[in-house]
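Descriptive analysis of the structure
The lines below spell out each chain.
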Amino acid sequence: MKRVLKDEELIGAYLNTRRADCLETLYKRYVHKVYGSCLTFTRDPVKAEDYTHDIFLQVFIKIDQFQGRSAFSTWLFSISQNYCRQKTRVANRMVLVAMDEVDIDNIPDSEGSDTAHAMLSQMAVVMEKISPDRMALLQLKYVDNVDVTEIARQYNINHSAVKMRLKRTREQVIDAYQKQFMMD
């Protein structure tokens, strides 16, 4: 009879051998629980599935950072909850920025989905004008959910410099959008 390895033993075995079956076993153990947690947050099965895959990708990329101070399941669910909260904050922020920064009076009347699609297309045009280094900064912060402190470390600049660059880049995007698509 084959002994069932504990989570921490599987992680140790993976770190020593890089055998993918160790990660696959962890995935099979927890995929349904993580999916259920994501579904609670999103109330959308497709988003929940996407989030679940993204979370496991993050976990497996960071698996060598697991220090065993808590159970693996605790660490996994902490990452899962943080990921879902961050995605919710980003989605809410996008809606708020769109509502705060766009002059609603100057948006042509049309069906809601057509307006949203048009705004997304317009934003894509504006984002193409942003320099690649600024786009990378935005992606780290708002897509990859990297903490400002970690971005500062990666760029070898201080915390306030990252915040200022993010602020200026957001302002640049808003300004470019308004100049190109807001007619008075």
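Structural data are supplied above this passage.
This write-up is about the structure you can find in this document.

Cut-off values and rules
- Throughout, a residue's number is its position along its own chain's written sequence, starting from 1.
- Whole-chain, interface and lining totals are the exception, using all residues; otherwise, since this is a predicted model, local features are given only for residues with pLDDT of at least 70 and side-chain atom pairs are given and counted only at 80 or more.
- Excluded from the side-chain calculations are hydrogens and water; all other atoms, namely the structure's heavy atoms, are used.
- The angle separating two fitted axes, one through the seven residues that finish at a residue and one through the seven that start at it, defines the bend at that residue.
- Strands here are runs of E lasting at least two residues and helices are runs of H or I lasting at least four, both read from the DSSP assignment and numbered beginning at the N terminus.
- Inter-axis angles, ranging from 0 to 180 degrees, are taken between N-to-C directions of lines fitted to C-alpha atoms, where helices are fitted over the stretch in contact.
- Oblique is the label for any angle not covered by the other classes, which are roughly parallel (under 35 degrees), roughly antiparallel (over 145) and roughly perpendicular (65 to 115).
- Should the near helix be turned anticlockwise from the far one by less than a right angle, the crossing is termed left-handed; should it be turned clockwise, right-handed.
- Any two residues whose heavy atoms approach within 4.5 Å are treated as being in contact.
- Put simply, Ala, Val, Leu, Ile, Met, Phe, Trp, Tyr, Cys and Pro go in the nonpolar bin, Asp, Glu, Lys and Arg in the charged bin, and everything else, Gly too, in the polar bin.
- Here, a disulfide means two cysteine sulfur atoms that sit within 2.5 Å of each other.
- Accessibility here uses a 1.4 Å probe with only protein chains present; expressed as a share of the type maximum, an area under 20% marks a residue as buried, one over 50% as exposed, and anything in between as partly exposed.
- We call a set of buried Ala, Val, Leu, Ile, Met, Phe, Trp, Tyr and Cys residues a nonpolar core when their side-chain atoms join them within 4.5 Å.
- Only Phe, Tyr and Trp rings take part, Trp by its six-membered ring, and two of them pair if their centres are within 6.5 Å. Stacked means planes under 30 degrees apart, edge-to-face means over 60, and tilted covers everything else.

**Notes on helix H2 (residues 20-42)**
Taken as a whole, H2 carries its principal kink of about 50° at Tyr30. Trailing H2 by a residue or two, Arg43 shows a phi angle of about 55°, which is positive.

**Quick look at the packing of helix H1 (residues 7-17) against H2**
Contact geometry of H1 with H2 gives a least axis separation of 8 Å together with a crossing angle of 150°. Taken together, the axes of H1 and H2 lie roughly antiparallel to each other. Every pair of crossing elements has a handedness; the one defined by H1 and H2 is left-handed. Residues Asp7, Leu10, Ile11, Ala13 and Tyr14 of H1 touch H2, and the partners they reach there are Cys22, Leu23, Thr25, Leu26, Arg29 and Tyr30. By residue class, the composition of the contact of H1 with H2 is eight nonpolar, one polar and two charged.

**So, the state of the cysteines**
Throughout the structure, instances matching the rule amount to zero disulfides. Cys84 provides the cysteine sulfur closest to Cys38, a residue in no disulfide bond, and the two sulfurs are 3.6 Å apart. Overall, Cys84 belongs to the buried group, its relative accessible area being 0%.

**Brief notes about the environment of Ala124**
Relative to the helices and strands, Ala124 is located in helix H5 (residues 112-128). Looking at Ala124, the relative accessible area reads 39%, which means it is partly exposed. Spatially, the C-alpha atoms of Ala124 and Tyr177 are 9.9 Å apart, while their sequence positions differ by 53 residues.

**Some details on the nonpolar core**
Counting residues in each nonpolar core, the largest one holds 24 residues, and the members touching the most others are Ile55, Val59, Ile63, Phe72 and Leu76. When contributions to this core are tallied by element, the ones reaching two or more residues are H1, H2, helix H3 (45-61) and helix H4 (72-101). When residues of this core are assigned to their parent elements, the largest contribution, seven residues, is made by H2. Contacts of Leu76, omitting those with residues within four sequence positions, involve Tyr30, Val34, Ile55, Phe56 and Val59. Of all hydrophobic cores here, the second largest spans ten residues; its members include Leu137, Leu138, Leu140 and Tyr142.

**A word on the packing of aromatic side chains**
Within this structure, the stated rule accounts for eight aromatic pairs. Ring geometry for Tyr30 versus Phe77: centroids 6.1 Å apart, planes at 80°, classification edge-to-face. With a gap of 47 residues between them, Tyr30 in helix H2 and Phe77 in helix H4 connect regions that are remote in the sequence. Accessibility expressed as a relative area gives 10% for Tyr30, which makes it buried. Judged by its relative accessible area of 22%, Phe77 falls in the partly exposed class. Clustering of aromatic rings is evident, with ring pairs tying together Tyr30, Phe66, Phe72, Trp75 and Phe77.

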